[in-house]
Amino acid sequence: MNKKILALAIGCTLLSACGNQPSETLADLPAATIPQEPAIEIPQPDIATLQRSYEQALASNTDSHTRRQIRLRLADLEMERLEQQQADNPGIAVSYRSAVQHYEVLAAESPGDDYILYRLARARALDGEMGESLQALEKIAAAAPESPFIAEVLFRRGEAAFNRKDYPAAARDFRALLQQGDTPFDGNPFTDNARYMLGWSEFKSSEYRRSAETFLQLLDQLHGRAPFDELPAGQRRLAEDSLRGLALGFSYQGGAGAIESFSPAGEHRPYQHHLYRALGDWYGEKERYRESANTYLAFVENHPQSPEAPALHLRAIETLQNARLPGEVLPAKREFVQRYGIRSDYWQQSDNAQRERLADWLRPWLAELAKYDHARAQALATQQTLATQQTLATQQTLATQKGKSEQSAAEIARQAQTAYLAAADLYQQYAETFPEDSDTPEMVFLMAECLEHAGDDPGAWSAYSAVAWEYRDPQRGAEAGYGAILAASRMQQRTGGEQQTLWLDRKTEASLKFADAWPGDRRALPVLLDAADNLFRQTRYPEAIAAAQRASEWQPPPDRRQTQNLYLVLGHSYFELQDYPQAELAYTSVLQGAAPEESAYKTAQQRLQAAIYRQAELAMGSGPNEEGLRHLLRIRDSGRTDIAATAQYDAINYLIDMQDWQRASAELADFRQYYPAHRLAPTLAAKAVVIFQALGLPGDAAGELLRLAQSDPDAEVRRQSLFMAAEHFQQAGETDKAIAAYRQYSEQWQQPAEQRLEAQYQLVQLHDKSRRQQRNPWLQSLAYNKVESPRGRYLAAYAQSELAEQSFQSFARLPLRLPLKASLADKKRALDTTVADYRKVLKFNIAEFTTQANFRLAEVYRQLSRDLMESQRPNGLDALELEQYEILLEEQAYPFEEKAIELHEANIQRTTDGIYDDWVKRSFDSLGKLLPARYQKPEKTLGWSNALH
């Protein structure tokens, strides 16, 4: 074999010997451009064959350097042979002396060769020569501090120092080793063990904080590779021993409080719970149970959201139980429920798997804590009852003693309420956590009882309802259902407005469900009847009817009082639904079973008549008819009540509408006989008038109205009746009675003013013109009235016009006789009076009377002119004198004629305002006579063509 091949073989052999050195991998090779050939497995020669080959090479080679390399290879092959022999025979001690001798010879030749010294130390160690092995390592440290074997050298030396309890020396070597590389992946396989041994070395040197930091560095690296329970066995043992070392160190540094001081930048390590658990377990082994539990709970307090917090909390509770510390177990369990129960933030943030674990832990403790608080609440309630009794017993003692007893009772009551609420809360948490659990109905029932005793009726109602109708608990369902009814009833009584309505709804619903679910319960029928009544009050009429009908069919049957109530509910409900025939039947059933003096009888009677009345109204929907009248008139069959009176009164009206005067008259008389003081009785007078008029008896109607005007207590009725009596006397032709009635009205009733004017107007009409002496005072009263309404002004204008007409007629009848001067003066005075009267008419500016007044004024002057021309001539005048006299008369008459023309022309001008009445026509006629050339022309009719349109 040539030297090159031999050197390559020796180099490969040395590399295989240094198994802990990093070797080049495929990832370190450059990328290949040509596909690799398939790997060919080359058979390895056995060690003996290699030894013979190297011995032959040694014998034939004379180069000193090559010979040294061959001898080293032969030493390594001998070492490998012995190791293989040991591996093949683990139960037999193998001597490595032959390998030691090979390395000793080589070491003597090359005292500074670190590899040879390392192999020598290894061979001596395997042969049991530990001291000699250490000496070889010491030589490496002294001669080759940069040797790749320096790590093991430092580790072995540090290990030896530790074994002889030279802990500072051990710590120095381990620290020096760690400076070679932080992890075994940096090429140093001793890092983990060195750090572990360094931690113990520092601990043994009482450097507890430094020791803890070293152990934590090791745990940081180990946990960075994998969780502790997933590490290889060796590394897992290192982690466990390191945790124990930390536990010892923490115990010397103040216990659990020291752990958090090692957290980097305030952040806890992912394995922080292992630190607390290790310390807690160590305390437990030492039977320091309270410290052990407090350590676990310290982790819970410091890391409440940690996934490991519940397990450590649980471990704390178990520790306290094992230590038989019941006073501390219960608070710890209560805190566990608060921290990890279904209402906690922890629960909300947990996944399903974690929740299942929590539920398994919570199940027994929730029930235990709830029943503990429940029992305590009951005990306090009993104590409070005794305290209250004591308070009553001390009423005859000193006031101060009484006050103390009352205070004590109130405090106990508050404590009992608090305990009941605490128990209820735990029962509810149990139900929320385990909704499908077989024990949940019982827990919810107990919760309802606690809430009821605590005064929380809304909560009690909800819990009782759940037991009765959600869980359908066969054992406690009936009691729970009735409890829900009572709770809702209490709330309804205590609240108002919308809340009261809400609780009434809930009470009603619970009652109906109770009757459906437990019909055999003695409370079912009363509950159902109460529900029917409530349904009616809630205007849920169809449901009220269904409940009442069901109650009517109940077995055993309801008693008399219950029967009355259910039929009243039926009647009221049917009435509200406008099913009046059914309502009538129900009320009739009540009347048949009740005595007249009972309130139920009176109520049913009133509602029965109302139901019949409604039937009459419906029948009369399209107008009066016999069916509607029959309903109205049969109402009185069940009693002469106010409703019966109203119905009969309506019947009278309908008979009047139907013009059935004889029946109307008979019913009216019957009404007056049975209801003489009824509030509607006074209004019958007007209806009697209509009836008597229809029967052709206006005088009878007037006489009745006159009696009413004299006797009715209502002044307004008296007033109207008197006026109507006058009207009907006038209609009957009994003028004197009519005048007397109108005169009485005018004198007795000043208000309303317009109606008084109407009475005076009728008096004017009833006094014909032949009775001016009786007529004129009424005309004057009308003419001078101060009523500013249109009717008042009209009647004033009318009366003034009538008075002016009388003046005109007096003027017109006054002749001009000789001596003319005297008679003309009388005529002139009459003219002035007439003109003055008509000017008063004109002031009212009412067209109907204005045109008449203008016409009469014109005619006054025309009449005077004509009378002058037609006046008596003096006797003894010759023809000339007579002609001259007539000329003088014409001169006197002409101005009056001109004045007449002027006034007539002014009157006819009103046609431009659309006024063309008889007085305007008469002015045209007068002008035709006064100015025939202008105004007496034949009318021409013009044709009209639509062509332009």
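Up top you'll find the structure we're talking about.
Residues numbered from 1 in each chain as written. Predicted model: local features only at pLDDT ≥ 70, side-chain atom pairs only at ≥ 80, totals over all residues. Heavy atoms only, no water.

A word on helix H9 (residues 191-204)
Here H9 is 14 residues long and its end C-alpha atoms lie 20 Å apart, about the 20 Å a rise of 1.5 Å per residue gives. Counting buried positions over the 14 residues of H9 gives 12, a clear majority of the element. Among the residues making up H9, those that are buried are Thr191, Asp192, Ala194, Arg195, Tyr196, Met197, Leu198, Gly199, Trp200, Ser201, Glu202 and Phe203. The elements touched by buried residues of H9 are helix H7 (150-163), helix H8 (167-178), helix H10 (208-225) and helix H11 (233-252). Looking one or two residues beyond H9, the residue adopting positive phi is serine 206, at roughly 65°. (Helix = DSSP H or I, 4+ residues; strand = E, 2+ residues; numbered from the N terminus. Expected span 1.5 Å × (residues − 1). Buried < 20%, exposed > 50% of the residue type's maximum accessible area, 1.4 Å probe, protein only. Contact = heavy atoms within 4.5 Å.)

Things to note about the packing of helix H20 (residues 457-470) against helix H22 (residues 497-517)
Packing of H20 against H22 leaves a shortest axis separation of 12 Å and a crossing angle of 25°. Of the possible angle classes, the one that applies to H20 and H22 is roughly parallel. Between H20 and H22 lies a crossing whose hand is left-handed. Between H20 and H22, the contacting residues are Pro458, Trp461 and Trp469 on the first element and Trp503, Arg506, Ala510, Lys513, Phe514 and Ala517 on the second. Residues that form the contact of H20 with H22 fall into these classes: seven nonpolar, no polar and two charged. (Axes fitted to C-alpha atoms, helices over the stretch in contact; angles between N-to-C directions. Parallel < 35°, antiparallel > 145°, perpendicular 65-115°, else oblique. Left-handed = near helix turned anticlockwise from the far one by under 90°. Nonpolar A, V, L, I, M, F, W, Y, C, P; charged D, E, K, R; others polar.)

Quick word on unusual backbone geometry
Excluding glycine, residues mostly carry a negative phi; peptide bonds, for their part, are mostly trans. With an omega of -5°, the peptide bond between glutamine 555 and proline 556 qualifies as cis. Note on placement: proline 556 falls in the loop between helix H24 (541-552) and helix H25 (560-576). A positive phi angle, near 60°, is found at glutamine 659, a position not held by glycine. You can see glutamine 659 is positioned in the loop between helix H29 (642-657) and helix H30 (661-674).

Details of the packing of helix H12 (residues 272-285) against helix H13 (residues 289-302)
Relative orientation of the contacting elements H12 and H13 amounts to 165°, with a least axis distance of 7 Å. Classed by the angle they form, the pair H12 and H13 counts as roughly antiparallel. As for how H12 packs across H13, the hand of that crossing is left-handed. Listed contacts from H13 to Gln272, His273, Tyr276, Arg277, Leu279, Gly280, Asp281, Tyr283 and Gly284 of H12 are Tyr289, Glu291, Ser292, Thr295, Tyr296, Ala298, Phe299 and Asn302. Class assignment for the residues of the contact of H12 with H13 results in seven nonpolar, seven polar and three charged.

None of this, on its own, says anything about what the molecule does.
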